[in-house]
Amino acid sequence: MKQFTLTMLSLSALFVLFFTSCEVNEAPKDYYLNTKTIHYLVKFDDWKLGTDDSGDYLYCTFREPLLTKPIFDNGMVIPYMELPDGTLTPLPFSDFWISDKYGKIEEQATCEIKPGEITFILKSDDHGSDPFHYLEYNFVLKLMW
């Protein structure tokens, strides 16, 4: 009888542990993520000359109707520069290259973003007086909301 009682207690304990420790798995909620990838090609002649306290720089502004205020305020806006080999590098980006005229030059690419508009900016040690490293620059903007 003692063996029967112990067996019943053990089975009862397992039953209680098994059924009380199980969680009910609910179906996953439907969450939707909207994404948009936008490509920009800036040719050398598209750049405009600007000036700030550090000197001259080049910039190119694009109107972007997909960059709405709700996406700007609540989504993710991620700018990249696409290198010639297809690699995406996030902005701001800084790199060095060798100029025949100036030697080693640092080039910086960045951007300014606001609803409806993105401005890509290039600065270098020579402050825009000579052509930059590439004749064409490819930029990519990834939006998520």
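To be clear, the structure that these remarks concern was listed above.
Just so you know, these numbers come straight off a predicted model, no measurement behind them.

Caption draft 1: Structural context of the overall build of the protein. Across its full length, the protein holds 2 helices and 9 strands. Looking at the 145 residues of the protein, the share that counts as buried comes to 28%. Taking as baseline every contact in the protein between residues at least 6 positions apart, the subset at least 24 positions apart corresponds to 61%. Put simply, the protein shows about 10,300 Å² of open surface, and 58% of that area lies on carbon and sulfur atoms.

Caption draft 2: A look at the pattern of salt bridges. Applying the stated criterion across every chain yields a total of 4 salt bridges. Ionic pairing is found between Asp-73 and Lys-69, a salt bridge with its closest N-O pair at 2.9 Å. Here the residue Asp-73 and the residue Lys-69 both occupy positions in helix H2 (residues 69-74), the gap between them amounting to 4 residues, near one helical turn. Residue classification places Asp-73 among the partly exposed residues on the basis of a relative accessible area of 42%. Note that Glu-117 and Lys-114 form a salt bridge whose closest N and O atoms lie 3.6 Å from each other. A single salt-bridge network, built from bridges that share partners, covers Arg-63, Lys-114 and Glu-117.

Caption draft 3: Broad picture of the sheet that holds strand E8 (residues 117-124). Read from one edge to the other, the open sheet built from 5 strands follows the order E2-E3-E8-E7-E6, with strand pairing classed as antiparallel. Two strands close off the open sheet at either side, each with one partner strand: strand E2 (48-52) and strand E6 (93-99). Within the sheet, the average angular offset between the axes of one strand and its neighbour, ignoring direction, is 30°. Here strand E7 (residues 103-114) runs beside E8; their pairing, made up of 8 bridges, is antiparallel. Bridge pairing in E8 places Lys-114 opposite Glu-117.

About the cut-offs
Residues numbered from 1 in each chain as written. Predicted model: local features only at pLDDT ≥ 70, side-chain atom pairs only at ≥ 80, totals over all residues. Heavy atoms only, no water. Helix = DSSP H or I, 4+ residues; strand = E, 2+ residues; numbered from the N terminus. Buried < 20%, exposed > 50% of the residue type's maximum accessible area, 1.4 Å probe, protein only. Contact = heavy atoms within 4.5 Å. Areas by Shrake-Rupley, 256 points an atom, 1.4 Å probe, with all protein chains shown as cover. Salt bridge = Lys/Arg side-chain N within 4 Å of Asp/Glu carboxyl O. Pairing = 2+ DSSP bridges. Axes fitted to C-alpha atoms, helices over the stretch in contact; angles between N-to-C directions.

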